Amino acid sequence: MSKKVLIVDDSIFTYKEIKHMLSGTDYEAVGHAKNGQEAFKMYAELMPDIVTMDIILPGLTGLETSKLILGKWKDAKIIIVSSLAYDDTVDEAAKLGITNFIFKPFDKEELIKAFDKMLG
Amino acid sequence: MLQAYDISEIIDSSVKDISKRVAKIDVFVEKGEAFGNFEKPYTIFSTTSGDYQMMLSFCTDKSVLRAIAENMTHGRQPLDEEEVLVYTSEYFNILCGHVISAINKEFYLKTYFSVPTVIKGDGICCPDSHFVQYQKLYNYYYGSAKIEALQL
C-alpha cells in the first residue's frame, strides 16, 4: 500500500512536480494545500504519512503551520521543502523537531531518499 | 549597508545556476545597456524584509516566460497562460531563495522575502531615492530578460 503524502506549497508547479516524481514509487501525493489553514484541515482529513512543507506561504508560514500540526499530531512526519538553503528558519524548524529538509530545486532521487529516511 | 559589488556576484551566479537547474537554460549577460526592448513584457518581483531590504525583479517577454515554463515541465504538458505565470513565479521564487540564502550566509544577516508578484509591463515604478544595486540584461536563448535589484 502506498504511503500518503500531503504537499503544502502555494505553487501548483511544486505540487505537480512532486506528484510526477512520486508516480511509480511507494509514495502517492494525496493532497495539495496552498496555505496553512488548508494544510491543517487536510491533515485531519487525510492523515498522511508525510507532509512536505514550504516555508513561504500566504498567511501562516510553513513553520507556523508545522507547529499547529505537531501541536495536535505530535508524530506527524514533516519535511521542509524550500528554496531557502541558509536561513534561521532551519534552526527554528529544528526547535520544532523538524530535521528533514530538501532544498529547491531537487530531483526524484533526493526526494525519495529523504522520504525513505523519514519513515526508515 | 551592503554595496552593489557585494551582491553582484551572488545575483549573477544564482541567475546562471538556477536557470540551468530549473529551466534548463544556459544564460549569459548581454553586452551593452541593461534595458531591453520587450514586445509584451511581464515583470515578476519580490521584496525583502529584515536586515537587508531590497526589491528583486525579473522582466521579460511573455514568449520567454512560456519557454521557461515549458522547460521546467520538460514539455510534458501544454500550459495555459495562467500556468505559465505560476510556473515562472516559482522559477523566480527559487532564484530569490538562493539569492537571499547566499546574502544571509555571506554577511551574517537575517533577511526574508515575500511571495513573488507578477505584473504586466516593463519594470516597477520606484521613487528615485531607491538605489539600483544591480541591473543586467541576460540572454535566455529564447530572448532577453532584465534582472534588477533595488535597495529599499
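Every chain is numbered independently, its residues counted from 1 as its sequence is written. As a convention, the first chain written is A and the first ligand written is 1, with the rest following in written order. Reporting in this predicted model follows two pLDDT cut-offs: at least 70 for local features of residues, and 80 or more for side-chain atom pairs to be given and counted; totals over whole chains, interfaces and linings ignore these cut-offs and use all residues. Excluded from the side-chain calculation are hydrogens and water; included are all heavy atoms of the structure.

Q: Would you take a moment to explain the overall build of chain B for this structure?
A: A run of H or I in DSSP counts as a helix once it spans at least four residues, and a run of E counts as a strand once it spans at least two, with each numbered from the N terminus. Looking only at helices and strands, chain B features three helices and seven strands. In sequence order, chain B lays out its α and β elements as α-β-β-β-α-α-β-β-β-β. For chain B, the C-alpha radius of gyration of 15 Å lies close to 15 Å, the compact-globule estimate for 152 residues. Considered along the principal axes of its C-alpha atoms, chain B spans approximately 45 × 30 × 25 Å. Taking all 152 residues of chain B together, 50% fall into the buried category. Exposure was quantified through the Shrake-Rupley algorithm and a 1.4 Å probe, taking into account, for residues, occlusion by the shown protein chains and nothing else. With an accessible surface of roughly 7300 Å², chain B has 51% of that area assigned to carbon and sulfur atoms. The charge count includes Lys and Arg as positive and Asp and Glu as negative, but it does not include His or the ends of the chains. One atom stands in for each charge, and that atom is NZ of Lys, CZ of Arg, CG of Asp or CD of Glu. Taking the average location of the 14 positive side-chain charges in chain B and that of its 20 negative ones, the two points are 5 Å from each other. The atom set for the radius of gyration is the C-alpha atoms, and the globule formula is 2.2 Å times the number of residues raised to the power 0.38. The classification of residues rests on relative accessible area computed with a 1.4 Å probe and restricted to protein chains. Under 20% of the type maximum is buried, over 50% is exposed, and intermediate values are partly exposed.

Q: Can you walk me through the interface of chain B and chain A in this structure?
A: Put simply, an interface is often sized by how much accessible area is lost when its parts join up. The interface is formed by 25 residues belonging to chain B together with 19 residues belonging to chain A. Contact between chain B and chain A buries roughly 1900 Å² in total, counting both sides, with carbon and sulfur atoms accounting for 59%. Think of a salt bridge as a Lys or Arg side-chain nitrogen and an Asp or Glu carboxyl oxygen that are within 4 Å of each other. Taken together, the connections running from chain B to chain A amount to two salt bridges. For Lys16(A), the salt bridge identified is with Glu83(B), shortest N-O distance 3.2 Å. We call two N or O atoms a polar contact when they sit within 3.5 Å, provided that within protein one can donate a hydrogen and the other can accept it, with sequence-adjacent residues counted only if both atoms are side-chain atoms. At the junction of chain B and chain A, the tally comes to five residue pairs in polar contact (both at pLDDT 80 or more). Secondary structure elements with two or more residues in the side of chain B that touches chain A: helix H1 (4-22), helix H3 (81-107) and strand E4 (111-113) of chain B. The dominant element in the side of chain B that touches chain A, judged by the number of residues it contributes, is H3(B), at twelve residues. The contact rule is simple, with two residues in contact once any of their heavy atoms fall within 4.5 Å. Here the quantity called buried area is the total loss of accessible area, with a 1.4 Å probe, experienced by two parts when brought into contact, counted for both.

Q: Got a minute to help me understand the packing of helix H2 (residues 62-72) of chain B against H3(B) in this structure?
A: Residue and element names in this part refer to chain B. Two elements in contact, H2 and H3, have axes separated by 8 Å at closest approach and are oriented at 75°. Classified by the angle their axes make, H2 and H3 are roughly perpendicular. Across the interface between the two elements, Lys 62, Leu 65, Arg 66, Ile 68, Ala 69 and Met 72 of H2 pack against Glu 81, Val 84, Leu 85, Tyr 87, Thr 88, Glu 90 and Tyr 91 of H3. Under the convention adopted here, Pro, Cys and the residues Ala, Val, Leu, Ile, Met, Phe, Trp and Tyr are nonpolar, Asp, Glu, Lys and Arg are charged, and Gly plus all remaining residues are polar. A breakdown of the residues in the contact of H2 with H3 according to their chemical character gives eight nonpolar, one polar and four charged. For helices, the fitted axis covers only the stretch in contact; all axes are lines through C-alpha atoms, and the angles between them, taken along N-to-C directions, range from 0 to 180 degrees. Throughout this description, any angle smaller than 35 degrees is read as roughly parallel, any larger than 145 degrees as roughly antiparallel, any in the 65 to 115 degree range as roughly perpendicular, and the remainder as oblique.

Q: Just to check I follow, could you spell out the sheet that holds strand E1 (residues 3-8) of chain A for this structure?
A: Backbone-to-backbone hydrogen bonds pair the strands of a sheet. The strands run either parallel or antiparallel. Residues and elements named next belong to chain A. In this scheme, strands are said to pair when DSSP sees at least two bridges between them. As summarised here, the arrangement of the five strands in space is E2-E1-E3-E4-E5, forming an open sheet in which the pairing is parallel. Of all strands in the sheet, those with a lone pairing partner are strand E2 (27-33) and strand E5 (101-103), marking the two edges. Neighbour-to-neighbour, the strand axes of this sheet turn through a mean angle of 25°, independent of strand direction. As defined by bridge partners, strand E4 (residues 78-82) adjoins E5 across three bridges and the pair is classed as parallel. Bridge pairing links Val 81 to Ile 102 in E5. Against the sheet, helix H1 (residues 12-22) contacts E1, E2 and strand E3 (50-53), and its axis sits at roughly 165° relative to E2.

Q: I keep staring at the confidence of the model for chain B and nothing clicks. Help me out?
A: Low-pLDDT portions of the prediction should not be read for the details of their coordinates. The predictor attaches a confidence to each residue, called pLDDT, with possible values from 0 through 100. Mean pLDDT for chain B: 89, with 94% of residues reaching 70 or above. No element of chain B has a lower mean pLDDT than E4(B), which averages 88, and none a higher one than strand E1 (residues 28-29) of chain B, which averages 96.

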